[in-house]
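# Fold and contact review
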Amino acid sequence: MGAIWAEVKENRKLGEGIYRLTLHAPAIAPKARPGQFVMLRVAHGNDPLLARPFSIHGAAGEELLILYKVVGRGTRILSQVRTGKTLFLWGPLGRGFDLSGERPVLVAGGMGIAPMAFAARWLAAQGRPAAFCAGLPGLAGWEHLARGLEEELAGSLSLAWSSEDGSLGRRGLVTELLSDTLAAAGASSGGVLACGPMPMLRAVARVCAQRGVACQVSLEAPMACGLGACLGCAIPAAGGGYLRACQEGPVLAAAAVDWERV
Amino acid sequence: MGAIWAEVKENRKLGEGIYRLTLHAPAIAPKARPGQFVMLRVAHGNDPLLARPFSIHGAAGEELLILYKVVGRGTRILSQVRTGKTLFLWGPLGRGFDLSGERPVLVAGGMGIAPMAFAARWLAAQGRPAAFCAGLPGLAGWEHLARGLEEELAGSLSLAWSSEDGSLGRRGLVTELLSDTLAAAGASSGGVLACGPMPMLRAVARVCAQRGVACQVSLEAPMACGLGACLGCAIPAAGGGYLRACQEGPVLAAAAVDWERV
Amino acid sequence: MSKSVDMAVTVGADRPVRLKNPVIAASGTFGYGLEYADQLDLGAIGGFVTKGVSLKPRDGNPPPRICETAAGMLNAIGLANVGLEVFLGEKLPKLRKLDTAVVVNLYGEAVEEFAELARRLSEAGGVAALELNVSCPNVKAGGMAFGCAPGPVGEITAAVRAVTDLPVWVKLTPNVTDPVGIARAAAAAGADALCLINTLLGMAIDARRKRPRLANLYGGLSGPAIKPVALRMVHQVSRAVAIPVVGLGGIVTGEDAAEFLLAGASAVQVGTANFLDPAACLRVAAELEDFCADQGVTAVADLVGGLAA
Amino acid sequence: MSKSVDMAVTVGADRPVRLKNPVIAASGTFGYGLEYADQLDLGAIGGFVTKGVSLKPRDGNPPPRICETAAGMLNAIGLANVGLEVFLGEKLPKLRKLDTAVVVNLYGEAVEEFAELARRLSEAGGVAALELNVSCPNVKAGGMAFGCAPGPVGEITAAVRAVTDLPVWVKLTPNVTDPVGIARAAAAAGADALCLINTLLGMAIDARRKRPRLANLYGGLSGPAIKPVALRMVHQVSRAVAIPVVGLGGIVTGEDAAEFLLAGASAVQVGTANFLDPAACLRVAAELEDFCADQGVTAVADLVGGLAA
Ligand SMILES: Cc1cc2nc3c(=O)[nH]c(=O)nc-3n(C[C@H](O)[C@H](O)[C@H](O)COP(=O)(O)OP(=O)(O)OC[C@H]3O[C@@H](n4cnc5c(N)ncnc54)[C@H](O)[C@@H]3O)c2cc1C
Ligand SMILES: Cc1cc2nc3c(=O)[nH]c(=O)nc-3n(C[C@H](O)[C@H](O)[C@H](O)COP(=O)(O)OP(=O)(O)OC[C@H]3O[C@@H](n4cnc5c(N)ncnc54)[C@H](O)[C@@H]3O)c2cc1C
Ligand SMILES: Cc1cc2nc3c(=O)[nH]c(=O)nc-3n(C[C@H](O)[C@H](O)[C@H](O)COP(=O)(O)O)c2cc1C
Ligand SMILES: Cc1cc2nc3c(=O)[nH]c(=O)nc-3n(C[C@H](O)[C@H](O)[C@H](O)COP(=O)(O)O)c2cc1C
Ligand code: FES
Ligand code: FES
């Protein structure tokens, strides 16, 4: 109940500006489901003020993993936190992926790999077949992460890469890789589950709509509370009005989103 | 010219809540005179916002010493700064002690020891006789500092201690020690030079006034600029109006201060 | 935790609202309370104020609706809310069961709407007090437009007063030249208490994209950044009116809360701090209790207006 | 440092003030300029505004006069200054020699005092512009009392306009319901530019000692905390008047400065940031230049009012 102080077990630099944080969070880790997130405060004082939302990248026993990229002041401060320090956070929050369908296709773009890797490990642990299309700008900076994921998932689900510079897997966008994968795969109830930058998600949603494949996307929005209370995280809804990214989301059916107004 | 980034060479805990910071500050250290101060920022962001004034505790070659006590958020943050980090500061600032007189009597109470130790070393280095009355609450927490000072000054000037709990030197207030010292000493042009908490300075000023001994006191006031520009550091002046602690001070003739309004 | 400090306070004399402790969650930062049920014991906080309720449901403003600023945040939610019917039908029945003071914040675009909302909410029962939001900066009609002059504030207060026996709290905007004049108008029209401050009207710009950071252009500034303005207004207003003041704006710690009580507030609200710590209201109350114990204050109510002149 | 960005700007058309770059040090935070001579090259900054000058010297308020707040500070200096005679006799002769725009901030307790100050300063020569402080929150008479309504602001501006050919800048207070109305009054009365914002009226309390942190009780809030309010007012006012606006309030970085220019300011002032870095004005100008270079902006003046709608 409520927020906790969690000890930093590791805050490891995986590549340029990419870090993986391991927290000892027994009150959160066991409850975490793929697609859910936590609200994490990177500083004790007022600078910066608000907590930052981060997808849960993994949960093993009492440990919680977060994979993050340095994009601004908060993540820069986070990247300097040392082992042994404690951080304040609450969660798990939001609605994660519906992983109940058969042979789902997971799609990750860039940092979207954070929750999708958790989903992939989750499926792998249950021995359930799935495809994983992961797109990166290139191998540079991501090598450690990519190799780690390959090892972890080897033999459990089919992992395919695309990169914009061709340094890893297929050259091009991950949506192209997805189209191929969908074309090759037979019909299944699992549908497509995606996380990544907004233009990519938009494209994924379009591809799925064209093929009549169900699609779930994990969306980002600025957040203050993470609890459904502040109404700051509005995502335009297909039927008009708004959905709360932290409550109805962050994972939403692509069909529930008004992509025109996003 | 202007503020500088100085590397932290050491930030050593000397006692409970008492630290000594050594900075590599070649643009400041050689210019520093006893009684002057620096404005030091303890954090890069907005929390806390303003620079903190600290007396110069010593200057040797390119190194600048600051002796400080943890009293609030800023000094707490400062106490956690590690060797190798850089801090932003400007100085030396303000008017220091007039040390030109003969056989001055230095008086320090608590953290007032910071600038007075610098003055004592300054005189000792010139082989000039002086008396140093240093008062502490007790030896606890101050041991390292007291012993260090004794070693440094041994044979150069006469150092006497008082402590409220009697654990070091004479039991009682440093003003009593000062009265004895003044009674024992013959007339001299050096007068009394003092730094410490306001009630102590008030008492020292009174003792000196009674004996007709010239007295210089180093005063504290909240400061923003340290440069005489903001007018935030007003000290009520004997003739009416105000003096700027950062510009006309921090060392002021006790007679120039309106002690009623302070 | 038995520090033998009496933490209970009562806001108002004629229509008293009794609180377990003086720390209330502020409107718009605590949803309908239920959102925080997993985060803290709702029965242990002084009370909470609901998100502003309007007659019709409101979608609110397009995103982005919030952004961070130095020691603060801007919001332009646009009073998104479920509307009175859903509030009465789905939220209030659950809120009634809570062992805490539930204050309903209401917002209308016309005097009659305020009165209608007040009437319906009074009939429904289970509401500890009504808080009239005549100070929201994020809506075109009503809100701050009403709250910036004594006339309309008095009018709305009187209209609500006429239809309800519930305690009427009026929430004032800081974006005015003379908060005291407006406070007096509300008091004269029958308000039981005044809540201040609402947010300061502000703006943020993304220089690289040459765009405002809020789709709504302007938004309301809240958080520690505004605490000095809030304390000043609480001090000004509490000295000028006979009815109690509920103080808010930037409270994060128990000592912050003590400052507002000393300035003249009879209770406090915690807003943005709920986003820094979902259990902020409980923590602030506990810290306030520690503060009192430490200072030898045996009843927190003794702090109220205790600033040395 | 040759980034080939044209950093010069001109404030005002009829009585233009040409600046090397748009970054001016704000009144009260830069003394009489000379205090900063050892800290930066005064000839390299866009200009500076002196501490407010009054006819008679003023001692100012008793201490404590300043205190820190979240991302800001309060000050209640009370317009301590050397007075007009000493300013003319001892300060101005030195300031005349500087290769930068020297703006003199002036403060009177009556309309006639403003006019008298303006007349004497115009005769003296060496002044780039006059900045009328009708917005100081820290004095009993004049100051903000004048600045809170269009009438007095128009009157003072007209009286000064009548006695000087120097550019007249009017510095407005944010502590008002309708800054646009006051801005229009100043513009109509002949102001050449408007400077906003001055400080927000605020208060801080030492809860343990049950005492206000400022001897003056209230003070003016400045620093990053107020930037959102300042940006909003600059945006509001610059859209409503034809004369240029000089924007200030919480500027610490070049990107902050860019935000004010985009919001509609023709130049900016840096206040509290001078206390965080005595060379702040130079640094802000350099960062602004970098920002322009980075964004492909060849003349900083092109940023002015460039916010996308
Ligand atoms: C549900 C959710 C899950 C997320 N999961 C991850 C994750 O697993 N790993 C990860 O690295 N990041 C994740 N993010 C994004 C992360 O929250 C932001 O990168 C972080 O808040 C930036 O903080 P900052 O202080 O470094 O940047 P700021 O200085 O606050 O901002 C830097 C830039 O990032 C943008 N930004 C700020 N906050 C957000 C936000 N919430 N969403 C989108 N853009 C933002 C700003 O507009 C600005 O352009 C997630 C966001 C959400 C909403
Ligand atoms: C000229 C000068 C020289 C100084 N030299 C030293 C020194 O050598 N070593 C040292 O430890 N300290 C020195 N100080 C005091 C030092 O500046 C304060 O202790 C420091 O600013 C406190 O910062 P903080 O953030 O930890 O405390 P804050 O959280 O800012 O305040 C904690 C407490 O300290 C008080 N305080 C804050 N600033 C000052 C101030 N400037 N003067 C007096 N009280 C203050 C506050 O009112 C509060 O009660 C000096 C002050 C001045 C003016
Ligand atoms: C996201 C958000 C939404 C808010 N919504 C409302 C509202 O619906 N009604 C209202 O009266 N005040 C609303 N407020 C204002 C707060 O209740 C409070 O007055 C203000 O935030 C200042 O307090 P704080 O600094 O503690 O947050 C809102 C504030 C925030 C941050
Ligand atoms: C210590 C101090 C003294 C000030 N004195 C004056 C003054 O004499 N005249 C004036 O017009 N503004 C004065 N101001 C206001 C500033 O010029 C400026 O408007 C305000 O601080 C907001 O800008 P900032 O956030 O960059 O500081 C003063 C501000 C401070 C902090
Ligand atoms: S982040 Fe507050 S409602 Fe979603
Ligand atoms: S600290 Fe600014 S004038 Fe002394």
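Residues numbered from 1 in each chain as written. Chains lettered and ligands numbered in written order. Predicted model: local features only at pLDDT ≥ 70, side-chain atom pairs only at ≥ 80, totals over all residues. Heavy atoms only, no water.

## Quick look at the sheet that holds strand β5 (residues 66-69) of chain C
Spatially, 4 strands are ordered β5-β6-β14-β11 (chain C) in an open sheet, and the strand pairing comes out antiparallel. The open sheet has two edge strands with one neighbour each: β5 and β11 (200-203) of chain C. Here the strands of the sheet are splayed against their neighbours by 40° on average, with no regard to which way each runs. As defined by bridge partners, β5 of chain C adjoins strand β6 (residues 72-75) of chain C across 4 bridges and the pair is classed as antiparallel. Its bridge partner lying in β6 of chain C, E68 of chain C is registered against M73 of chain C. Each of β5, β6, β11 and β14 (218-222) of chain C is contacted by helix α6 (residues 227-240) of chain D, which is oriented at about 75° to β11 of chain C, the strand it contacts most. (Pairing = 2+ DSSP bridges. Helix = DSSP H or I, 4+ residues; strand = E, 2+ residues; numbered from the N terminus. Axes fitted to C-alpha atoms, helices over the stretch in contact; angles between N-to-C directions. Contact = heavy atoms within 4.5 Å.)

## A short note on the confidence of the model for chain C
When pLDDT is averaged across chain C, the result is 95; 96% of the residues are at 70 or more. Across the whole predicted complex the pTM is 0.97, and at the interface the ipTM reaches 0.96. (pLDDT = per-residue confidence, 0-100.)

## Overview of unusual backbone geometry
Between G249 of chain B and P250 of chain B the backbone carries a cis peptide bond, its omega angle lying at 10°. One can find P250 of chain B in the loop between β15 (242-244) and β16 (251-253). The amide bond that connects P63 of chain C to the next residue, P64 of chain C, takes the cis arrangement and shows omega of -5°. Among the structural elements, P64 of chain C can be located in the loop between β4 (47-49) and β5. A positive phi is found at L231 of chain A, a non-glycine position, where the angle reads about 65°. Here L231 of chain A is to be found in the loop between β13 (215-218) and β14 (234-236). Positive phi, normally seen in glycine, also occurs at A71 of chain D, with a value near 55°. With respect to the helices and strands, the residue A71 of chain D is situated in the loop between β5 (66-69) and β6 (72-75).

## Considerations on the nonpolar core
If you look at the biggest cluster of nonpolar residues, it comprises 325 residues, and the most contacted ones within it are L194 of chain C together with L194 of chain D. In contact with L194 of chain D, other than residues within four places in its own chain, are V170, L172, A183, A186, V237, V241, I243, P244, V245 and V246 of chain D. (Core = buried A, V, L, I, M, F, W, Y, C linked by side-chain atoms within 4.5 Å. Buried < 20%, exposed > 50% of the residue type's maximum accessible area, 1.4 Å probe, protein only.)

## What to know about the site of ligand 1
Residue and element names in this part refer to chain A. With respect to spatial proximity, 18 residues lie near ligand 1, and among them R52, P53, L67, G74 and T75 are the closest. R52 places a polar side-chain atom, nitrogen or oxygen, 2.8 Å from an oxygen atom of ligand 1. For ligand 1, a nitrogen atom lies 2.8 Å from a polar atom in the backbone of L67. The fraction of the free accessible surface of ligand 1 (860 Å²) that becomes covered by protein chains is 73%. Elements supplying a minimum of two residues to the shell around ligand 1: β4 (52-55), β6 (63-69) and α1 (73-79). No other element matches the 4 residues that β4 contributes to the shell around ligand 1. For the shell around ligand 1, the class distribution of residues is 10 nonpolar, 4 polar and 4 charged. Residues from two domains meet in the shell around ligand 1; each of domain 1 (2-93) and domain 3 (219-262) gives at least three. (Near = heavy atom within 4 Å. Polar contact = N/O pair within 3.5 Å; in protein donor to acceptor, adjacent residues only side chain to side chain. Areas by Shrake-Rupley, 256 points an atom, 1.4 Å probe, with all protein chains shown as cover. Nonpolar A, V, L, I, M, F, W, Y, C, P; charged D, E, K, R; others polar. Domains from an automatic or database assignment.)

## So, the site of ligand 2
Residue and element names in this part refer to chain B. The full set close to ligand 2 counts 19 residues, and R52, P53, L67, G74 and T75 are the nearest of them. At 2.8 Å from a nitrogen atom of ligand 2 is found a main-chain nitrogen or oxygen belonging to L67. Residue G72 places a main-chain N or O atom 3.1 Å away from an oxygen atom belonging to ligand 2. A total of 850 Å² of accessible area belongs to ligand 2 in isolation, and the protein chains cover 73% of it. If you list the elements that add at least two residues to the shell around ligand 2, you get β4 (52-55), β6 (63-69) and α1 (73-79). A total of 4 residues in the shell around ligand 2 trace back to one element, the largest contributor, which is β4. Partitioned by chemical class, the residues of the shell around ligand 2 number 11 nonpolar, 4 polar and 4 charged. No fewer than three residues from each of domain 1 (2-93) and domain 3 (219-262) sit in the shell around ligand 2.

## Quick look at the domain arrangement of chain A
Residues and elements named next belong to chain A. Along its sequence, chain A is carved into domain 1 (2-93), domain 2 (105-215) and domain 3 (219-262). In this structure, domain 1 and domain 3 have C-alpha centres spaced 22 Å apart. Listed per partner, the contact involves 7 residues of domain 1 and 8 residues of domain 3. Around 610 Å² of area is buried between domain 1 and domain 3 when both sides are counted, 71% of it from carbon and sulfur atoms. When residues of domain 1 are sorted by the area they lose upon contact with domain 3, F37, M39 and L93 head the list and together hold 50% of the total. Here domain 1 and domain 3 share 0 salt bridges between them. Here domain 1 is connected to domain 3 by 1 residue pair in polar contact (both at pLDDT 80 or more). Elements that contribute at least two residues to the side of domain 1 that touches domain 3 include exactly β3 (37-41) and β7 (86-93). (Buried area = accessible area lost by both parts, 1.4 Å probe. Salt bridge = Lys/Arg side-chain N within 4 Å of Asp/Glu carboxyl O.)

## Digging into helix α5 (residues 198-211) of chain A
Residues and elements named next belong to chain A. With 14 residues, α5 extends 20 Å between its outermost C-alpha atoms, agreeing within 8% with the 20 Å of an ideal straight helix rising 1.5 Å per residue. Regarding α5, the residues found buried are M200, L201, A203, V204, A205, V207 and C208. Phi turns positive one or two residues past the end of α5, at G212, with a value near 70°. (Expected span 1.5 Å × (residues − 1).)

## Description of the pairing of strand β9 (residues 168-171) of chain C
In the case of a regular strand, side chains alternate between the two sheet surfaces. Residue and element names in this part refer to chain C. Burial along β9 is two-sided: V168 and V170 facing one way and W169 and K171 facing the other are all buried. As paired strands, strand β8 (residues 129-133) and β9 are joined by 4 bridges and run parallel to one another. Considered in β9, the bridge of N133 is made with K171. In terms of strand pairing, β9 meets strand β10 (residues 193-196) through 3 bridges, oriented parallel. Along β10, the bridge assignment pairs W169 with A193. Traced from β9 through helix α5 (residues 179-188) to β10, the parallel crossover comes out right-handed. (Right-handed = clockwise from strand over helix to strand, strands pointing away.)

## Brief notes about the sheet that holds strand β11 (residues 200-203) of chain D
If you walk across this open sheet you meet the 4 strands as β5-β6-β14-β11 (chain D), and the pairing is antiparallel. The open sheet has two edge strands with one neighbour each: β5 and β11 of chain D. Averaged over all adjacent pairs, the angle separating strand axes in this sheet is 40°, with direction ignored. In this fold helix α6 (residues 227-240) of chain C packs onto β5, β6, β11 and β14 (218-222) of chain D, with an angle of close to 75° to the strand it touches most, β11 of chain D.

## Here we look at the pairing of β6 of chain B
All names here are of chain B. Summarising burial for β6: 5 of the 7 residues are buried, a large majority. In this structure, strand β2 (residues 18-24) lies alongside β6, joined through 7 bridges in antiparallel fashion. Each bridged residue has a counterpart across the sheet, and for I18 the counterpart in β6 is K69. Relative to β6, strand β5 (residues 58-60) runs antiparallel, the two being bridged by 3 bridges.

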